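# Examining the three-dimensional arrangement
Here is how the chains run, residue by residue.
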Amino acid sequence: MTSYWRNLANRIPWKGVSWAMALLLVAIGGALAAGTRFALEQTNTLDFCTSCHEMRENNFEEYSHTIHARNRTGVRATCSDCHVPHEFGAAMVRKLLAANDVFQHFAGRIDTPEKFEAHRLDLARRVWLRMKQSDSRECRNCHDVSAMAPELQGKTAQKQHLKLAGGNRTCIDCHYGIAHREPAGGLEPQDVVEGDR
């Protein structure tokens, strides 16, 4: 039997097959990468984010009346700007973890405004913790502390922004409830620590 396979191997032009296989694999890899990138871009749109009623009736409704949605300059930060990292690998991980939101919908945990509100604090804590762990990476994609003009800020803002340089605070510690209503319960992002869910 071994001689049969050896004879077959000697008859196949391996050099041509290996090049063809390599080109085929490169083409498949390129198509998968392009498809993944396209899917990522499509799932980062405001239309996609508000396509389910939980987001449209709860989060989007709150967001639509904030400075991130409507302002004098017309610059808009959408859901993905604040909730999805810009780096490809981190964005893919975030998208995979976001599948939990879909599961929670089908499990009936957040499928009505009342249920959503009942879980608002838990949902907020998860986002706050993620933002603290990343040093508010998504905020910093648009807001550059080094480009701020402290002289145009109030005294309290100047003092708080100095704390960012020391690494003791991050954006979400002070700037929460900007795009979404604060959850009941009296907790703030600075109260959320590693190990919280």
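To be clear, the structure that these remarks concern was listed above.
Below, the structure is looked at part by part. Just so it is clear, the model here is predicted, and its values are computed rather than measured.

This part covers the overall build of the protein chain. Each helix and strand counted, the protein chain has eleven helices and zero strands in total. Tracing the protein chain from N to C terminus, the helices and strands come up as α-α-α-α-α-α-α-α-α-α-α. For a compact globule of 197 residues, the expected C-alpha radius of gyration is about 16 Å, and the protein chain comes in at 24 Å, more than 25% above that figure. Along the first, second and third principal axes, the C-alpha set of the protein chain runs to 85 × 45 × 35 Å.

Our focus in this paragraph is helix H6 (residues 88-106). Compared with an ideal rise of 1.5 Å per residue, which puts 19 residues at 27 Å, H6 spans 28 Å between its outermost C-alpha atoms and is within 8% of the ideal. Here H6 has its buried residues at Ala91, Arg94 and Gln104. Two residues or fewer past H6, Gly108 is found with a positive phi of approximately 80°.

Along the chain, Thr66 falls in the loop between helix H4 (53-63) and helix H5 (79-83). Judged by its relative accessible area of 12%, Thr66 falls in the buried class. When near neighbours in sequence (up to four residues on either side) are disregarded, Thr66 contacts Ile178 and Ala179.

Right, let's get into unusual backbone geometry. A positive phi angle is found at Asp135, which is not glycine, with a value near 55°. Mapping Asp135 onto the fold places it in the loop between helix H8 (120-133) and helix H9 (137-140).

Bringing a nonpolar patch on the surface into the picture now. Together, Met21, Leu24, Leu25, Ile28 and Leu32 make up an exposed nonpolar region whose accessible area comes to about 500 Å². Positionally, Leu25 belongs in helix H2 (residues 14-42).

This paragraph deals with the side chain of Glu62. Here Glu62 lies in helix H4. Assessed through its relative accessible area of 14%, Glu62 is described here as buried. Residues in contact with Glu62, not counting those within four places in the same chain, are Arg120, Ala179, His180 and Arg181.

Turning our attention to the nonpolar core. Formed by Ala124, Trp128, Leu129, Met131, Ile172, Tyr176 and Val192, the largest nonpolar core amounts to seven residues. Residues contacting Val192, with those up to four places away along its chain left out, are Arg125, Trp128, Leu129 and Lys132.

Okay, the pattern of salt bridges next. Under the counting rule described, the total for this entry stands at eleven salt bridges. The partner of Asp111 in a salt bridge is Lys115, with the nearest N and O atoms 3.2 Å apart. Its relative accessible area of 23% is what places Asp111 among the partly exposed residues. Note that Lys132 is salt-bridged to Asp173, the shortest N-O span being 2.7 Å. One end of the pair, Lys132, is in helix H8; the other, Asp173, is in helix H11 (residues 171-174), and 41 residues separate them in sequence.

Another point: the packing of aromatic side chains. As enumerated under the stated definition, the model contains two aromatic pairs in all. Measuring from centroid to centroid gives 5.9 Å for Phe60 and Tyr63, while their planes differ by 45°, and the two rings are tilted. Of this pair, Phe60 and Tyr63 both sit in helix H4, three residues apart, which is roughly one turn of the helix. Between Trp128 and Tyr176, the ring centres sit 5.7 Å apart and the planes meet at 70°, which makes this aromatic pair edge-to-face. Within this pair, whereas Trp128 is found in helix H8, its partner Tyr176 is found in the segment after H11, the two being separated by 48 residues in sequence. Each member of the pair, Trp128 as well as Tyr176, carries the same accessibility label: buried.

Mapping Val84 onto the fold places it in the loop between H5 and H6. Those residues within four positions of Val84 in sequence are excluded, and the remaining contacts are Asn44, Cys79, Ala91, Arg94, Lys95 and Glu138.

Definitions and limits used
Residues numbered from 1 in each chain as written. Predicted model: local features only at pLDDT ≥ 70, side-chain atom pairs only at ≥ 80, totals over all residues. Heavy atoms only, no water. Helix = DSSP H or I, 4+ residues; strand = E, 2+ residues; numbered from the N terminus. Rg over C-alpha atoms; globule rule 2.2 N^0.38 Å. Expected span 1.5 Å × (residues − 1). Buried < 20%, exposed > 50% of the residue type's maximum accessible area, 1.4 Å probe, protein only. Contact = heavy atoms within 4.5 Å. Patch = residues over 30% accessible without salt bridge, like charges linked within 9 Å, V, L, I, M, F, W, Y side chains within 5 Å. Areas by Shrake-Rupley, 256 points an atom, 1.4 Å probe, with all protein chains shown as cover. Salt bridge = Lys/Arg side-chain N within 4 Å of Asp/Glu carboxyl O. Core = buried A, V, L, I, M, F, W, Y, C linked by side-chain atoms within 4.5 Å. Phe/Tyr/Trp six-rings, centres within 6.5 Å; stacked < 30°, edge-to-face > 60°.

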